[in-house]
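# Working through the structure, step by step
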2 protein chains.
Amino acid sequence: MSSAAERKSAKALRRAKPAGKPRKRTRDGLKIRVEFGASGFIGPGKIALLELIATHGSIRSAGKEMGMSYRRAWMLVDETNGIFKAPVVEKQMGGQGGGGARLSPLGEEVVRRFRSIETAAAAAAEPDMHGLRLLLAKGR
Amino acid sequence: MSSAAERKSAKALRRAKPAGKPRKRTRDGLKIRVEFGASGFIGPGKIALLELIATHGSIRSAGKEMGMSYRRAWMLVDETNGIFKAPVVEKQMGGQGGGGARLSPLGEEVVRRFRSIETAAAAAAEPDMHGLRLLLAKGR
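First, a word on what this report is: a plain description of the structure on this page. Residue numbers restart at each chain and count upward from 1, following the sequence in its written direction. All chains are assigned letters beginning at A, and all ligands numbers beginning at 1, according to the order in which they are written. For this predicted model, a pLDDT threshold of at least 70 governs which residues receive local features, and a threshold of 80 or more governs which side-chain atom pairs are given and counted, while totals over whole chains, interfaces and linings are taken from all residues. Hydrogens and waters are ignored; side-chain quantities use all the structure's heavy atoms.

Here the aromatic set is Phe, Tyr and Trp, taking the six-membered ring for Trp, and pairing holds for ring centres within 6.5 Å; pairs whose planes are under 30 degrees apart are stacked, those over 60 apart are edge-to-face, and all others are tilted. Applying the stated criterion across every chain, the model contains two aromatic pairs over all chains. Each ring, one from Phe36(A) and one from Phe84(A), has its centre 6.0 Å from the other, and the planes form 75 degrees; the classification is edge-to-face. Of the two residues, Phe36(A) sits in strand E1 (residues 28-36) while Phe84(A) sits in the loop between helix H4 (70-83) and strand E3 (89-92), which places them 48 residues apart along the sequence. As far as the burial class goes, Phe36(A) and Phe84(A) line up, both buried. The aromatic ring of Phe41(B) is capped on one face by Arg33(B), whose charged end is 3.6 Å from the ring centroid. Two conditions define a charge located above a ring, namely a distance within 6 Å from the ring centre to NZ of Lys or CZ of Arg, and an angle within 35 degrees of the ring normal. For the cation-ring pair, Arg60(B) lies above Tyr70(B), with the distance from its terminal atom to the ring centre recorded as 4.4 Å. Under the DSSP-based scheme used, a helix requires at least four consecutive residues in state H or I and a strand at least two consecutive residues in state E, with every element numbered from the N terminus. A 1.4 Å probe rolled over the protein chains alone gives each residue an accessible area, and that area as a share of the maximum for its type sets the label: buried under 20%, exposed over 50%, partly exposed in between.

Put into structure tokens, the structure is as follows:
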């Protein structure tokens, strides 16, 4: 579990990126996708969207922050809902604006386990990542 | 290091797929890409291509087995060569047909470390993968 301060910091980081601008592909480290055969997959994009839905309580706002249309965000949620035995995102009745969206307990577990996989995989890969970095061309 | 029998078996598996046909996206488990910031990345496609170059001694034959044009295979090799401080694939002088291609020692290390990362990451992820599989919809 991350602390409130960590969550706030992560949120600030995400907010620091201009909305509507695609992320630059200059990440460093492992990029992981979890594939479930014919059922589909979850990856960094879907998981980030779910986290933003949890933050904003809205699929539209979450999608907007990732620079995607409401339609695209909704389709990714629908696709992810279809993978699991219950929806990962559920409609929230009442509240401001007459309702929004939130993660179901199952959705929260999916996000938590995906982030846990990323962390565990990165730690397990570190010796070989170090070895690979020693082989990189200089001056990039 | 894999045994000769394991290598032969892996080769037979690859050969069992009809050449020129794209792989079906029904894998199960982690799919990993290793990103090196602005330098680029290595993933399952580039690594499989390098392994096939080692097997066939030819970029053209390796690409053909993966259903890609010589130009596409050559570009992927060139892109991968550019990431590291020395080429991963080098021209082989002489031999049948007047030369082919083979992995450099650095190329062999890149392939070995990538496959090692996949294995270590999958093992580290197993508890959460098990948890996620329990959440999947039935009957897919």
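Mapped onto the secondary structure, Glu118(A) falls in helix H5 (residues 105-133). Apart from residues no more than four positions distant in its own chain, Glu118(A) is found in contact with Ile32(A) and Pro44(A). Whether two residues touch is decided by their heavy atoms; if any such pair falls within 4.5 Å, the residues are in contact.

For this overlay, a least-squares fit was computed on C-alpha atoms, restricted to residues scoring pLDDT of at least 70 in both copies. It takes a turn of 180 degrees to lay chain B on chain A, together with a shift of 0.0 Å along the axis; the resulting RMSD is 0.0 Å. Expressed as an axis order, the relation between the two copies is that of a two-fold axis. For chain B, the smallest separation between a C-alpha atom and the rotation axis is recorded for Ala121(B), amounting to 2.1 Å. Taken as a fraction of all interface residues of chain B, those also at the interface in chain A reach 100%, which identifies the copy contact as same-surface.

Our next topic: the interface of chain B and chain A. Each side of the interface is counted separately: chain B has 40 residues, and chain A has 40 residues. Salt bridges are defined by distance alone: a side-chain nitrogen of Lys or Arg within 4 Å of a carboxyl oxygen of Asp or Glu. The interface formed by chain B and chain A includes four salt bridges. Between Arg27(A) and Glu35(B) there is a salt bridge; the shortest N-O distance is 2.9 Å. Polar contacts here mean pairs of N or O atoms no more than 3.5 Å apart (in protein, one a potential hydrogen donor and the other a potential acceptor; neighbouring residues in sequence count only if both atoms are side-chain atoms). Linking chain B with chain A are 20 residue pairs in polar contact (both at pLDDT 80 or more). Here the side of chain B that touches chain A gets 15 residues from one element, more than from any other, and that element is helix H5 (residues 105-133) of chain B. Looking at the side of chain B that touches chain A residue by residue, the class counts come to 22 nonpolar, seven polar and eleven charged. DSSP calls a pair of strands paired once it identifies at least 2 bridges connecting them. Two elements, E1(A) and strand E1 (residues 28-36) of chain B, share nine bridges in a ladder whose sense is antiparallel. The partner of Arg33(A) across the bridge, within E1(B), is Lys31(B). Think of it as three bins: nonpolar holds Ala, Val, Leu, Ile, Met, Phe, Trp, Tyr, Cys and Pro, charged holds Asp, Glu, Lys and Arg, and polar takes everything else, Gly as well.

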